Amino acid sequence: TQTEFILLGISSSPRTQAPLFGLFLLIYIVTLAGNIGIMALVWVVPSLHTPMYFFLTHFSLADVCYSTFISPKMLADLLSENNTISFAGCVVQFHGFAFFATVECHLLAVMAYDRHVAICNPLLYVTVISRHVCHQLVASAYLIAFLSAIIYTASTFGVSFCGANRIDHFFCDVNPMLKLACSDTHSNEMVIVAFVAINAVGTSGVILLSYSSILLTVLRMGSAGSRSRAFNTCASHLTAVSLFYGTLFFMYLQPASRHSSLDKVASLFYTVVTPMLNPFIYSLRNKEVKDALVKCRRR
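These figures come from a predicted structure and were not determined experimentally.

1. Details of the overall build of the chain
Along the backbone of the chain there are 10 helices and 3 strands. Listing the helices and strands of the chain from first to last along the sequence gives β-α-α-β-α-α-α-β-α-α-α-α-α. When the 299 residues of the chain are sorted by exposure, 48% land in the buried category. Considering only contacts in the chain between residues 6 or more positions apart, those separated by 24 or more positions represent 78%.

2. Observations concerning the pattern of salt bridges
Within this structure, the stated rule accounts for 3 salt bridges. For Lys73, the salt bridge identified is with Asp77, shortest N-O distance 3.1 Å. Within this pair, Lys73 and its partner Asp77 are both found in helix H2 (residues 51-79), separated by 4 residues, close to a single helical turn. Judged by relative accessible area, which is 23%, Lys73 ranks as partly exposed. With a relative accessible area of 9%, Asp77 lands in the buried category.

3. Some details on the confidence of the model for the chain
Interpretation of the predicted coordinates at a detailed level should be avoided for regions scoring low in pLDDT. Looking at the chain, the pLDDT average stands at 84 and 89% of residues meet or exceed 70. Between the elements of the chain, mean pLDDT differs from a low of 70, seen in helix H8 (residues 224-252), to a high of 94, seen in helix H5 (residues 131-157).

4. Quick notes on the nonpolar core
By size, the foremost hydrophobic cluster in this structure holds 83 residues, and its most contacted members are Phe24 and Phe97. Among the elements that make up this core, the one with the highest residue count is helix H3 (residues 87-120) (18 residues).

5. Quick look at the sheet that holds strand E2 (residues 84-86)
The strand order across the open sheet formed by 3 strands is E2-E1-E3, and the pairing between neighbours is mixed. The strands lining the two open edges of the sheet, one partner per strand, are E2 and strand E3 (166-167). Strand direction decides the pairing type here: strand E1 (residues 4-7) and E3, joined by 2 bridges, are parallel. Residue pairing in the sheet places Leu7 in a bridge with Ile167 of E3. Docked against the sheet, H3 engages E1, E2 and E3, running at close to 85° with respect to E2.

6. Brief notes about the UniProt feature "transmembrane region" (unreviewed entry) in the chain
Those places that UniProt annotates as "transmembrane region" (unreviewed entry) correspond, in this numbering, to residues 20-45, 91-113, 133-154, 190-218, 230-253 and 265-284. A helix fraction of 96% and a strand fraction of 0% characterise residues 20-45, whose end C-alpha atoms lie 37 Å from each other. Spanning residues 133-154, this segment combines 100% helix with 0% strand, and its end C-alpha atoms are found 32 Å apart.

7. Observations regarding the side chain of Asn278
With respect to the helices, strands and loops of the structure, Asn278 is situated in helix H9 (residues 262-284). Look at Asn278 and you get buried, because its relative accessible area is 3%. There is a polar contact of 2.9 Å between the side chain of Asn278 and the side chain of Asp63.

8. Thoughts on H3
An ideal rise of 1.5 Å per residue puts 50 Å on 34 residues; H3 measures up with 50 Å between its terminal C-alpha atoms. Taken across its 34 residues, H3 has 26 buried, putting it largely inside the fold.

9. Here we look at the state of the cysteines
Summed over the entire model, instances satisfying the criterion amount to 2 disulfides. With a sulfur-sulfur separation of 1.8 Å, Cys90 is cross-linked through a disulfide to Cys172. Since a negative S-S torsion denotes a left-handed disulfide, the Cys90-Cys172 link at about -85° is left-handed. Remark: Cys172 occurs in the loop between E3 and helix H6 (174-179) and Cys90 occurs in helix H3; sequence separation between them is 82 residues. Look at Cys90 and you get buried, because its relative accessible area is 0%. What makes Cys172 buried here is its relative accessible area of 0%.

Scoring rules and cut-offs
Residues numbered from 1 in each chain as written. Predicted model: local features only at pLDDT ≥ 70, side-chain atom pairs only at ≥ 80, totals over all residues. Heavy atoms only, no water. Helix = DSSP H or I, 4+ residues; strand = E, 2+ residues; numbered from the N terminus. Buried < 20%, exposed > 50% of the residue type's maximum accessible area, 1.4 Å probe, protein only. Contact = heavy atoms within 4.5 Å. Salt bridge = Lys/Arg side-chain N within 4 Å of Asp/Glu carboxyl O. pLDDT = per-residue confidence, 0-100. Core = buried A, V, L, I, M, F, W, Y, C linked by side-chain atoms within 4.5 Å. Pairing = 2+ DSSP bridges. Axes fitted to C-alpha atoms, helices over the stretch in contact; angles between N-to-C directions. UniProt positions renumbered as here; feature names shortened; annotations may be inferred. Polar contact = N/O pair within 3.5 Å; in protein donor to acceptor, adjacent residues only side chain to side chain. Expected span 1.5 Å × (residues − 1). Disulfide = S-S within 2.5 Å.

Structure follows, in structure tokens:
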């Protein structure tokens, strides 16, 4: 079997390497600064010590981690002519990415449930979303993600790689890896699709049910101001959900024969661009976060 692979990267043109390196380095720095900044802000400002921001800190942590499994290697390859990665390195990179991406799926569902309880049952919110429940929900997200990532990794790398070793991608993803396999991969692909469906479709179902209930509750509100506040609370979360799940479904819930050159663009979006946008989409549009930033500046 192969002991190392060659990542062909984003572009084969030498002229584009330096501009792409500068662009993606900037994106990665903004990703780290934005998400770590959100975590630090929630940590130091007591008014943000609520369940919603507790979930948000873990969401930001997942953004930082799964972006870090992809971006540094991609940036190094843009400056290097030797774009090799060992078999073990490939396994670690994919497992880390799969783990934190799955964590994000479950955290988005948990956040939707949190908003559902806050808007539909505000009097029971403190009881239903207690500190103990928050820790249980987050721990469950990490546990399910860890077990799922093991299955994804075993299904992707539990085949024979005895021929070509050139991965037509910028990281060790499912479809480019299975294309290099010498053995039959049909059963492996079915297992991966099944578990992606369980995680992505299952969590998106929770999100849809939560927001359907929220919509019905908001429409019954008599005050236009109350409806506006409720919609503003949910708008950022829905934007993050649409960006993340849209590209995820495009990549992992389509037949292998339909994959094309657009895969790299979609992969760049959910591995590099979305983690950078989430702090701005989800937090900086939020009035509580803005007020917390103002307080920190005054201090």
